[in-house]
Structure formats: structure tokens, C-alpha cells
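Here is how the chains run, residue by residue.
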Amino acid sequence: MSIERVFEPEIERTYHENPEDGFLYFFEPFFEELPFELMVYMMKFLNPTDVKMYARVCRSFYNGSRHPFFMRTMCIHFQEIEFEDNCDPLRSLLTAFRYFGVVKLTKITFRGRSDFWAEFGESIEELIIDNCVIWKQKLLAILRYTFRLKKLIIQNCPDLFKTWKRIENLTVTFTPSFPKLRHISLASNNLLDEHHFDYLVQMAPNLDSLDVSNCFKGIEAATRFKMLGRILKYVTDHRHAMKHLFLGDTPVDNLFLRQLADIQGLELKSLSLLVCDRIPNFDAGVIDLFQLQNQITYLDLSRSLALHDSALIQISKSMPLLETLILHRCWMITDYGILSVKQLNKLKHIDLTNCERITDIGIIGGLLTHNRQRLSKLYMGLLTNIGEVVFTKISFEFTDLTVLDLGGCSNCINDRSIQYIFYHMSGLKELNVDCCAKLSDAGMTGIDLPECAISIWDLRLSFSIENLKRLRYLNLSGCYRITNLTFMRKFRLMELKELVLARLLITEQGVESIVLNCPSLEILDLSECPNVNDQCVEVAAKCCIRLSTLKLHNCPQISNDAIDLLVKYCHVLKHLNIRGCYKLTAEAEAKLSAIRTLRTIVVNERDF
């Protein structure tokens, strides 16, 4: 008796023949009987969504997902709801037999007192309050129960500081203290009063990380100088404990940098600055700051338009431990400065986006002589002066990259150079080739290429996007020469989570191939695709069981039927963009309220 080997998705059945009765019996692997420690170790390699799906398989997997490692890292996100115990989801959560390590509040409306904080506050280690209408008394009522807090992020909450009167600091009866609180972020808030800042930072006696990025936008110069002086005084008083300081999007002049550099005993590991003042030839504060802070591992100088090559050369000389260097939109940096980057032997992440003066000479002399085994993230978007040969060499050298951003490099990314990326960078997790208009189906699939990537004697090899099996994010926006052929022939990416296909001539057949071959897809962007219609929405809604974000901005063929399909099939959809779909009526858009998970809807502006 003979039988062929039978395979099912992800499970191999093993057949054995019983010599007594002559019948075949098959045995399946019982994954649920794995040792608990081994199961937890395997789950640590999964992203949060996969862990959630993994827990639905059986009781053993569910118990593994409740290991303290996952419980601490799991974030519960409340978005655009009324924070009230008598309404869902709080009403259901108050009876839950679990705890939450990370809580995020976005655009929340608070309705009186809630038992949620008394019930779960003890376990909360990270609290994020984003764009909420909150006042000081409510903030203190929440913090009263979160005494184990390690991170506190209050961003984009202007009403908190507008309604916070100085006299309240004198009459308050409860002053919280968090000995474990190490990081406070007040990013994107207009700090107008130094007493607000003092009160918040005094809650954390062991604070070592402070983020005040973009906190002085649109305020008077005198107020900004006063607040920057107060921040400088705090850093001076806590110089031995302070390790991470973030002042991004906050213009600082040479005088501030001079005073920061003169703080004795300050040894930062992370620093974010926006250098807006011209660097003087003598007594330059930024140069002395970079020279003295030689323990920095993370440096963000985004949008520092006054930063030039001498500062970058000093960074390369004085910061041997630097792992992350972000020079996004530093227009004054040239090849001369980039050549010095080769001295940074521990560099893992570099961002050169929109540094338009950098050419082939700087990339070859500065990056390609770098220790190729360490670099894992490379951002080179909008570098229009880079040639095709450079990108080919990059694919040969940086074989361990996990993130590669080439958005806007339309002059140098073509079918041949993308082939080398597919072959040498098989470990990529994120790839951005936005607006690389020279890419076509031939380069993405390796089919009908005029010249094969590898051609030696009679050996001819070509490669496809399928070689990037670990890919989780892919941006093909604006690559108008990529059509259905790519998605129907060579597009099987099992781990792909986010796909951006804006402005592509994709049709129903292409969308169907995508959703069938990318089972992990959660975010799909089909904005400005003229051929996307209701049938495309139907196949996406039916097949993408994890779909949480769908963007259909300016898709002219979308009609009211698409809304009915979304209501019927999308059970976990959270964000939807249908602005510019002018066939949709207000009555159809109102039906979206039936999707209980929907949090953000971007619709057409109508005149009433």
C-alpha cells in the first residue's frame, strides 16, 4: 500500500501503517503540549498582533500570552471615547482578570470619577496622554493610583496648561511622588509658566530622561528664553542623574548651547537638538558640546539648517559610542562632513533624508567604508544627486540591513538596482521606494528583464520581491509602472503588515492577489488609485481578517456599496479614510457607526 505525503498549511501530517490491520493512521504535532517555557520563548519572536492571534488557538497558547513578559508590554489604547464606567469598553474592562502595563489615552473625554484607575493603576508602568482635554485635578486623580509609573508622556494637551493657575501649586493638598519614574515627556505643549514645569519634574526624584521637544512653538521670544533657562537650570541641578535630553523642534542659539556645554559632570547618552543659529568661528557652543559629550549613543539633529560639516567632523571624532545619527534635512552637510562618518565604528542607524548636497563621493567614502556588519537602518530619501552605481554597491555592502528608505530617489533606483536589493538584502523588514518611477513589473518580478541581475556564462539569475520574506512594511506609492502583474505573479509576503500602493493603476485582480498572499496585512493604502472600485473593497474586507486601517482617499469609483461591504465584513477596522470619494452619500457614511471598532473616519466635507 502506497500513499503520497499530504501537507496542510503550516502542519505536516505523518502517516504510519499498522501491520495488523493494514490501515494508515496519521499523527499531527500537538503544539499545545510544548513545555510552557519553550512556548513563551517562541512567542517572543512574534509581533503583538501575531501574539493576539496565537492566543486564540488553544488554552495553552492563551496561557502563554498571559506571561508577565507580554502583559507588561501590551498596550491598551483608548481613543475618542467617553471615559465613563457605565459605558463600554470600561464597563467590560472593570471585570477583566488581567492587568495592563501600558495605557494610552488619545482624544478622550473624561466624565467624572472612574474606578478604572483604582482597579488597574497599580500595574501601570507607562501612561501616555495624547491630545486630551484634561485639567490638573483630573491628572492628579489619575496619578494618585499609578505609583509604579516609569514613563509619563503628556503631549499635545494645551488645555492642561492654559487652565492650570499658578496659585493651585500653593493650595494643592496632594503632591505625588514617583520614585520609579525615569522619563517625562511634555512634547508639543506650549510651556508658558515655569511653575508648571517645576511641579511635574519634582514628582520624579530619580528622573534621568526629559523630553521637551516642540514646546515653545508660536510663543514670545522672552517667554521662550525664560523657559529654556529654567530647563537649563534643572539639567544643571540634576547633571549627575540626567542621561537623556530631547529638545527637538525647539530652536536654540549658541548662547544656550554654550551654557549646556559648560555644565560640569553632565554625561548624556541621548541628545536631540535643533541648531538654528549660525555656528561662530570662535567659542562655538555646539562644537564644545559635541566634544565633551563623548558617551552619547543617540543623536538627533533633524532640521538643523545651520549645522555644517565642522560639527559633523567633531561628532565623528568625539563620539565613538554613537549608534544612531539622524541628520534629516540638515541642508548644510556636504560630502566633506559625511566622509568623517567612517570613524563611527558602532553606528547602526543613520538618517540622511533630504541632505541634498550629498553626492556619490560622500556615500562611497563615508558609508561604504563603514563596518558593514553593524548598520541595520539606512534612510536616504530625496538624495537626488546619488547615482545608480552607489545603490548597487550599497546592496553588496550592507547585507544585514533591516530598514531601507529610498523614497524620492527616482533618478537612481531602477529595475536593475532593485534586483540587487532583493538578492543581497533578504533580511529587510521595511522598504520604502516611494516615487521611484523607474521601477516596473520587470524589476519587481524578475520576469522579462532586458538584462539579468546575475549573468555568468550560461548561468542567468533574476530575483523578485518574494525574496524579502521578512518584509513587514512596503511603500510603492507613485511607482505607476508597477501593475497587476507584480501582485499576481511574485507577491507572496507572509509577514507583510503595512502596504502603501497610492497612485498605482491596480485593479480588482491585483487587490485579490495581495489579500490572498499576504495574510498578515493590517494596513492597506489604496489612495488615489483610479481603478479601485467596490469589488476591490469587497475582496479586501472579506480576506483581510486583521485589517485595521484602510485608506481610499480620492478613489473616484468607490460608491455606497463599498460602505455596506465594510460594515458587513470588517470587524476590527479602526481607521478609515474615504475623503474624496464623491459618489458616497451622507446616508451611506452614517452606516459606518455600525462598525463598533471604528475610531477615526476621514470623510468628505459637506455643506449643511
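About the cut-offs
Residues numbered from 1 in each chain as written. Predicted model: local features only at pLDDT ≥ 70, side-chain atom pairs only at ≥ 80, totals over all residues. Heavy atoms only, no water. Helix = DSSP H or I, 4+ residues; strand = E, 2+ residues; numbered from the N terminus. Rg over C-alpha atoms; globule rule 2.2 N^0.38 Å. Contact = heavy atoms within 4.5 Å. Areas by Shrake-Rupley, 256 points an atom, 1.4 Å probe, with all protein chains shown as cover. Lys, Arg positive; Asp, Glu negative; His and termini not counted. Charge placed at Lys NZ, Arg CZ, Asp CG, Glu CD. Buried < 20%, exposed > 50% of the residue type's maximum accessible area, 1.4 Å probe, protein only. Phe/Tyr/Trp six-rings, centres within 6.5 Å; stacked < 30°, edge-to-face > 60°. Lys NZ or Arg CZ within 6 Å of the ring centre and 35° of its normal. Salt bridge = Lys/Arg side-chain N within 4 Å of Asp/Glu carboxyl O. pLDDT = per-residue confidence, 0-100. Pairing = 2+ DSSP bridges. 1 Å grid on protein atoms, 1.4 Å probe; cavity = no way out; pocket = protein on both sides within 12 Å on 5 of 7 lines; lining within 4 Å. Points joined across faces, edges and corners; volume = space filled by probe spheres on them.

### Topic: the overall build of the protein
Alright, step 1. The helix and strand tally for the protein stands at 24 helices and 28 strands.
Alright, step 2. Taken against the 2.2 N^0.38 rule, which gives 25 Å for 608 residues, the C-alpha radius of gyration of the protein at 28 Å falls within 12% of a compact globule.
Alright, step 3. Once the C-alpha set of the protein is aligned to its principal axes, its extents read approximately 85 × 65 × 65 Å.
Alright, step 4. Residue pairs at least 24 apart in sequence account for 75% of intrachain contacts in the protein once pairs closer than 6 positions are excluded.
Alright, step 5. Just so you have it, the protein exposes about 29,400 Å², and 51% of that area is on carbon and sulfur atoms.
Alright, step 6. Computed over 70 positive and 73 negative side-chain charges, the separation of the two mean positions in the protein equals 5 Å.

### Things to note about helix H12 (residues 254–261)
Because an α-helix completes one turn every 3.6 residues, residues spaced three or four positions apart along the sequence face the same direction.
Alright, step 1. With 6 of 8 residues buried, H12 lies mostly within the body of the structure.
Alright, step 2. For H12, the set of buried residues is Asn-254, Phe-256, Leu-257, Arg-258, Leu-260 and Ala-261.
Alright, step 3. Packing partners of the buried residues in H12 comprise helix H11 (221–237), strand E13 (244–252), strand E14 (270–275) and helix H13 (285–292).

### What about the packing of aromatic side chains?
Alright, step 1. One pass over the full model with this rule turns up 19 aromatic pairs.
Alright, step 2. The interplanar angle of 10 degrees and the centroid separation of 4.2 Å between the aromatic rings of Tyr-54 and Phe-61 together place this pair among those described as stacked. The pair Tyr-54 / Phe-61 is uniform in exposure class, with both members buried.
Alright, step 3. For the pair Phe-78 and Phe-116, a centre-to-centre distance of 5.5 Å together with 85 degrees between the ring planes defines the contact as edge-to-face. In this pair, Phe-78 sits in strand E5 (residues 75–79) while Phe-116 sits in helix H6 (residues 116–120), placing the two residues 38 residues apart along the sequence.
Alright, step 4. Chaining the aromatic ring pairs together yields one cluster made of Phe-78, Phe-83, Phe-100, Phe-110, Phe-116, Trp-117 and Phe-120.
Alright, step 5. Sitting above the plane of the Phe-69 ring, Lys-44 keeps its charged end 4.7 Å from the centroid.
Alright, step 6. Above the ring of Tyr-199, the side-chain terminus of Lys-136 is found at 4.3 Å from the ring centroid.

### Side note on the pattern of salt bridges
Alright, step 1. Applying the stated criterion across every chain yields a total of 20 salt bridges.
Alright, step 2. One salt bridge connects Glu-122 with Arg-148, and the closest N-O pair in it is separated by 3.5 Å. Of the two residues, Glu-122 is situated in the loop between H6 and strand E9 (126–130) and Arg-148 in the loop between helix H7 (136–143) and strand E10 (151–155); the sequence distance between them amounts to 26 residues.
Alright, step 3. For Glu-122, a relative accessible area of 45% gives the class partly exposed.
Alright, step 4. What makes Arg-148 partly exposed here is its relative accessible area of 34%.
Alright, step 5. Two residues, Glu-538 and Lys-542, come together in a salt bridge whose shortest N-O distance is 3.0 Å. Remark: Lys-542 and Glu-538 occur in helix H22 (residues 534–543); sequence separation between them is 4 residues, near one turn of the helix.
Alright, step 6. The exposure class assigned to Lys-542 is partly exposed, which follows from its relative accessible area of 40%.
Alright, step 7. What emerges from the salt-bridge pattern is a single network uniting Asp-88, Arg-91 and Arg-596.

### Considering the confidence of the model for the protein
Regions with low pLDDT should not have their predicted coordinates read in detail.
Alright, step 1. Averaged over the protein, the pLDDT score is 88; the fraction of residues at 70 or greater is 92%.
Alright, step 2. Under a pLDDT of 50 for its full length, residues 1–16 has, in the predicted model, 26 contacts with residues more than four places off or in other chains.

### Focus: unusual backbone geometry
Alright, step 1. Looking along the chain, the bond that leaves Asp-88 and enters Pro-89 is cis, with omega of 5 degrees.
Alright, step 2. Along the chain, the position of Pro-89 falls in the loop between strand E6 (82–83) and helix H5 (90–93).
Alright, step 3. The phi torsion at Ser-188 lies on the positive side, around 65 degrees, for a residue other than glycine.
Alright, step 4. A relative accessible area of 34% means that Ser-188 is categorised as partly exposed.
Alright, step 5. At Cys-435, a residue that is not glycine, the phi angle is positive and equals roughly 65 degrees.
Alright, step 6. Inspection of the secondary structure puts Cys-435 in the loop between strand E20 (430–432) and helix H19 (441–445).
Alright, step 7. Here Cys-435 falls in the partly exposed class, since its relative accessible area comes to 34%.

### A few points about the pairing of strand E7 (residues 102–106)
Note on strand geometry: in a regular strand, side chains alternate between the two faces of the sheet.
Alright, step 1. For E7, the tally of buried residues reaches 4 of 5 residues, placing the bulk of the element in the interior.
Alright, step 2. Both E5 and E7 contribute to a ladder of 5 bridges, which runs parallel. The residue bridging Ile-76 from the neighbouring strand is Val-103, located in E7.
Alright, step 3. Of the pairings in the sheet, the one linking E7 to E9 comprises 5 bridges and is parallel in character. By the bridge assignment for E9, Val-103 is matched with Leu-127.

### Re empty space enclosed by the protein
Alright, step 1. Counted by the stated rule, this structure contains 1 cavity of 30 Å³ or more.
Alright, step 2. For the largest cavity, the calculated volume is near 30 Å³.
Alright, step 3. For the largest cavity, the full set of lining residues is Asn-254, Leu-257, Val-275, Asp-277, Arg-278, Ile-279, Pro-280 and Val-286.

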